[in-house]
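Structural characterization, general
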Amino acid sequence: MRVSIRSLAFGLALGGLTLGGLTAASALTIDPVQQHNSSAVWFENWSGLSNATLVVAAPNGAVSEVFSASGTPVYELDRDEVLDGIYRYELKAATDETVEIVNPTDNGRGEVASSKAKPFYMNGSFMVSRGVIVTPEEIQED
């Protein structure tokens, strides 16, 4: 089988474009990054998300909920009742992407929807020490 240099170069260029397209498509996935200062937690890389609810559980079990229709929800420590320890959170939001509703239900309230916003879910934690949010030190065993 004889392959010309020109067709080989074309095949490599086409493969590079395809690989580049896959890389660009994977870069478009939503990946919020947790950020904080001494008294608040929020998220960056927020594009494509809306109607977000951030639920935060304090070390004593108290649960707080922050809703944001657009933009990142921001959780702020209550200066009067801040507890040291690990705070856990769940972040739920709607993406710009829609998915088909497989079994639509007619609830009698109007037209039956055939699609809905694809949900986004993320959980994590942050630490409070001496009344401020801190970045925990990495401890490595020797």
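Note: the structure precedes this text.
The following paragraphs examine the structure supplied in this document. (Residues numbered from 1 in each chain as written. Predicted model: local features only at pLDDT ≥ 70, side-chain atom pairs only at ≥ 80, totals over all residues. Heavy atoms only, no water.)

**Here's the deal with the overall build of the protein**
Tallying secondary structure elements over the protein gives 1 helix and 8 strands in all. In sequence order, the secondary structure elements of the protein are arranged as α-β-β-β-β-β-β-β-β. Looking at the protein residue by residue over its 142 residues, the buried ones come to 21%. Pairs at least 24 apart in sequence give 59% of the contacts found in the protein among residues at least 6 apart. For the protein, the exposed area adds up to about 10,600 Å²; of that, 52% sits on carbon and sulfur atoms. (Helix = DSSP H or I, 4+ residues; strand = E, 2+ residues; numbered from the N terminus. Buried < 20%, exposed > 50% of the residue type's maximum accessible area, 1.4 Å probe, protein only. Contact = heavy atoms within 4.5 Å. Areas by Shrake-Rupley, 256 points an atom, 1.4 Å probe, with all protein chains shown as cover.)

**As for the pattern of salt bridges**
Side chains that carry opposite charge are capable of pairing whenever their charged atoms lie near each other. Using the criterion set out here, one finds 1 salt bridge in the structure. A salt bridge links E97 to K118; the nearest nitrogen and oxygen atoms lie 4.0 Å apart. Of the two residues, E97 sits in strand β6 (residues 85-100) while K118 sits in strand β7 (residues 115-129), which places them 21 residues apart along the sequence. You can call E97 partly exposed: its relative accessible area is 45%. (Salt bridge = Lys/Arg side-chain N within 4 Å of Asp/Glu carboxyl O.)

**Observations concerning the packing of aromatic side chains**
Applying the stated rule across the entire model yields 4 aromatic pairs. Arranged with centres 6.0 Å apart and planes meeting at 50 degrees, the rings of Y75 and F126 form a pair that is tilted. One end of the pair, Y75, is in strand β5 (residues 75-76); the other, F126, is in strand β7, and 51 residues separate them in sequence. A residue is classified by how much of its surface remains accessible, and Y75, at 9% relative accessible area, is buried. In this structure F126 comes out as buried when scored by relative accessible area, which is 5%. Seen in terms of ring centroids, Y87 and F126 are 5.2 Å apart; in terms of plane orientation they differ by 15 degrees. Their pairing is stacked. (Phe/Tyr/Trp six-rings, centres within 6.5 Å; stacked < 30°, edge-to-face > 60°.)

**Focus: the nonpolar core**
Counting residues in each nonpolar core, the largest one holds 20 residues, and the members touching the most others are L54, Y75, Y87, L91 and F126. Of all the secondary-structure elements, those providing two or more residues to this core are β2 (40-44), β3 (49-57), β6 and β7. In contact with L91, not counting residues within four places along its chain, are F43, W46, A52, T53, L54, P73, F120, Y121 and M122. (Core = buried A, V, L, I, M, F, W, Y, C linked by side-chain atoms within 4.5 Å.)

**Examining the environment of D84**
Turning to its location among the elements, D84 is positioned in the loop between β5 and β6. By relative accessible area, which is 46% here, D84 ends up partly exposed. Each C-alpha atom, one on D84 and one on M127, is 7.5 Å from the other, the two residues being 43 residues apart in sequence. Setting aside anything within four residues of it in sequence, one finds D84 in contact with P59, V128, S129, R130 and G131. Within polar-contact distance, the side chain of D84 engages the backbone nitrogen of R130 at 2.9 Å. Of the polar contacts made by the side chain of D84, one reaches the backbone nitrogen of G131; its length is 3.0 Å. (Polar contact = N/O pair within 3.5 Å; in protein donor to acceptor, adjacent residues only side chain to side chain.)

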